[in-house]
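Chain residues, written in single-letter form:
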Amino acid sequence: MGDKKDNLTAVLYGIEDLRLEQRPIPVPKEDEVLLEMDVVGICGSDVHYLVKGRIGDFIVKKPMVIGHEASGIVSKVGAKVKHLKIGDRVAIEPGYGCRMCEYCKAGSYNLCPDMIFCATPPYDGNLTRYFAHPADFCYKLPDHVTMEEGALLEPLSVGVHACRRANVGLGSQVLVLGAGPIGLVTLIVAKAMGAGKVLITDLLQNRLDVAKELGADETLVIDKNASEAELVKAIHERMGGAPEKTIDCSGAEATARLSILATKAGGVGVMVGMGAPEVKLPLVNALAREVDIRGVFRYCNDYPVALSLVASGKVNVKRLITHHFNIEETAKAFHTTRHGVDGAIKVMIHVQPKDANNPK
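Anyway, here's the lowdown on the structure attached to this text. Computed from a predicted structure; not experimentally measured. (Residues numbered from 1 in each chain as written. Predicted model: local features only at pLDDT ≥ 70, side-chain atom pairs only at ≥ 80, totals over all residues. Heavy atoms only, no water.)

## Section: the layout of surface pockets
Over the atoms, a rolling probe the size of a water molecule traces out where space has been left empty.
And then number 1: Approximately 560 Å³ is the volume attributed to the second largest pocket.
And then number 2: Considering the residues around the second largest pocket, the lining is formed by 25 residues, among which Glu32, Tyr96, Asp124, Phe131 and Ala132 are closest to the centre.
And then number 3: Put simply, the parts of the chain that give the lining of the second largest pocket at least two residues each are strand S10 (116-117) and strand S11 (130-134).
And then number 4: In terms of residues, the lining of the second largest pocket owes the most to one element, S11, which gives 5 residues.
And then number 5: Residues of the lining of the second largest pocket, tallied by class, amount to 13 nonpolar, 6 polar and 6 charged. (1 Å grid on protein atoms, 1.4 Å probe; cavity = no way out; pocket = protein on both sides within 12 Å on 5 of 7 lines; lining within 4 Å. Points joined across faces, edges and corners; volume = space filled by probe spheres on them. Helix = DSSP H or I, 4+ residues; strand = E, 2+ residues; numbered from the N terminus. Nonpolar A, V, L, I, M, F, W, Y, C, P; charged D, E, K, R; others polar.)

This is the structure:
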């Protein structure tokens with residue numbers, strides 16, 4: 001275990017203002033555990049807050065600890081915690097609801113209006129050496145699952161939720177738009193859930209090369225100069241017909257439109273990526289062909305499934321990891337993610353001092 005006085009923390013003060021500073025080590029409540037953080041992955045939303053200072057109505061108005069894709073080791077246990085003990089390695093589901101509203105009681109806690117989510121203003125994230133979190137949102141990792149895999153359960157859970165919303169099943173014909181980290185996890189989950197064919201698209205060939213390694217049946221580089229009709233035709237030709245399920249992991253208006261136009265009549269278009277607050281969609285096309293449009297907001301009751309997929313070996317998320325940094329190199333890690341340096345997909349920050357848990 002590391003130095004109990006050292007709680008180096010990455011704090012976002014505002015646009016382009018990310019600092020490292022010491023913070024007090026939190027005291028866990030009776031239903032929480034104190035975690036000695038091990039590794040934190042950088043998400044596109046973290047970069048967006050750094051660059052823009054906001055995502056929609058979530059605005060950074062005061063200093064906020066960044067980071068939410070994480071794993072750690074239990075350092076202290078609250079009085080009411082029974083299922084975890086000191087030394088347990090856990091993945092951290094970073095968002096939890098009020099537990100009292102109609103959404104929480106119905107099991108849809110991701111829709112709770114009072115959701116507390118790491119590194120979503122005004123709540124602090126977990127790119128810090130010590131972090132307290134509700135114990136029931138910490139999942140013990142089997143010995144053969146690495147801490148990096150534990151951190152990657154966060155984006156993997158988004159893929160699980162997206163595929164569940166799309167009702168992906170045996171033999172499904174699935175189109176995934178966007179081969180960034182979320183598109184790639186959606187691909188591997190769709191294949192694990194029995195999809196018969198998955199076509200994934202992107203603007204960049206190097207991302208699609210990774211997708212092929214991860215099991216994509218078909219890939220398609222999007223030609224930005226092509227018309228919508230030409231893109232729809234290319235997708236249908238590559239898939240041998242129209243996909244029953246389209247999952248947009250980009251959030252661009254162009255892909256949101258494709259998720260309707262390219263989908264088979266009676267199919268479903270699932271919107272995962274978040275872009276502009278308002279976009280222009282071919283709504284009459286969707287109505288006339290009964291294409292369902294479904295939203296995805298994070299995940300809900302999906303972490304156990306994501307952990308099972310990794311622990312059983314059904315999915316391999318390690319290939320997503322391209323870069324490693326120590327917490328002292330946080331600025332460089334964010335630069336690498338932001339600019340896609342050296343083909344960056346998932347950048348991991350190791351939180352503990354070099355002479356402690358992280359020998360790097």
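## Regarding a nonpolar patch on the surface
And then number 1: On the surface, Val279, Leu281, Leu283, Leu287 and Ile293 cluster together into a nonpolar patch covering about 410 Å² of accessible area.
And then number 2: Take Leu283: it is sitting in helix H9 (residues 283-288).
And then number 3: Residue class for Leu283 comes out partly exposed when judged on its relative accessible area of 45%. (Patch = residues over 30% accessible without salt bridge, like charges linked within 9 Å, V, L, I, M, F, W, Y side chains within 5 Å. Areas by Shrake-Rupley, 256 points an atom, 1.4 Å probe, with all protein chains shown as cover. Salt bridge = Lys/Arg side-chain N within 4 Å of Asp/Glu carboxyl O. Buried < 20%, exposed > 50% of the residue type's maximum accessible area, 1.4 Å probe, protein only.)

## Observations concerning the pattern of salt bridges
And then number 1: Across all of its chains, the model carries 17 salt bridges by this definition.
And then number 2: Of the charged contacts in the structure, one is a salt bridge between Glu69 and Lys346, with a shortest N-O distance of 3.0 Å. Linking Glu69 in strand S7 (residues 69-77) with Lys346 in strand S20 (residues 346-350), this pair joins segments that are 277 residues apart in sequence.
And then number 3: Taking the relative accessible area as the measure of exposure, Lys346 reaches 3% and is therefore buried.
And then number 4: A single network of salt bridges, built from pairs that share partners, joins Asp6, Arg129 and Glu328.

## Focus: the sheet that holds strand S15 (residues 218-221)
And then number 1: Read across the sheet, 6 strands follow the order S15-S14-S13-S16-S17-S18 without closing on themselves; strand pairing throughout is parallel. The sheet terminates laterally at S15 and strand S18 (292-295), the two strands that pair on one side only. Pairs of neighbouring strands in the sheet enclose a mean axial angle of 20°, with direction left out of account.
And then number 2: As paired elements, strand S13 (residues 173-177) and strand S14 (residues 197-202) share 5 bridges and run parallel to each other. Directly across from Leu175, in S14, lies its bridge partner Leu199.
And then number 3: Strands S13, S14 and strand S16 (245-248) of the sheet are contacted by helix H5 (residues 181-192), whose axis makes an angle of about 175° with S14. (Pairing = 2+ DSSP bridges. Axes fitted to C-alpha atoms, helices over the stretch in contact; angles between N-to-C directions. Contact = heavy atoms within 4.5 Å.)

So yeah, pure geometry; function would need other evidence.
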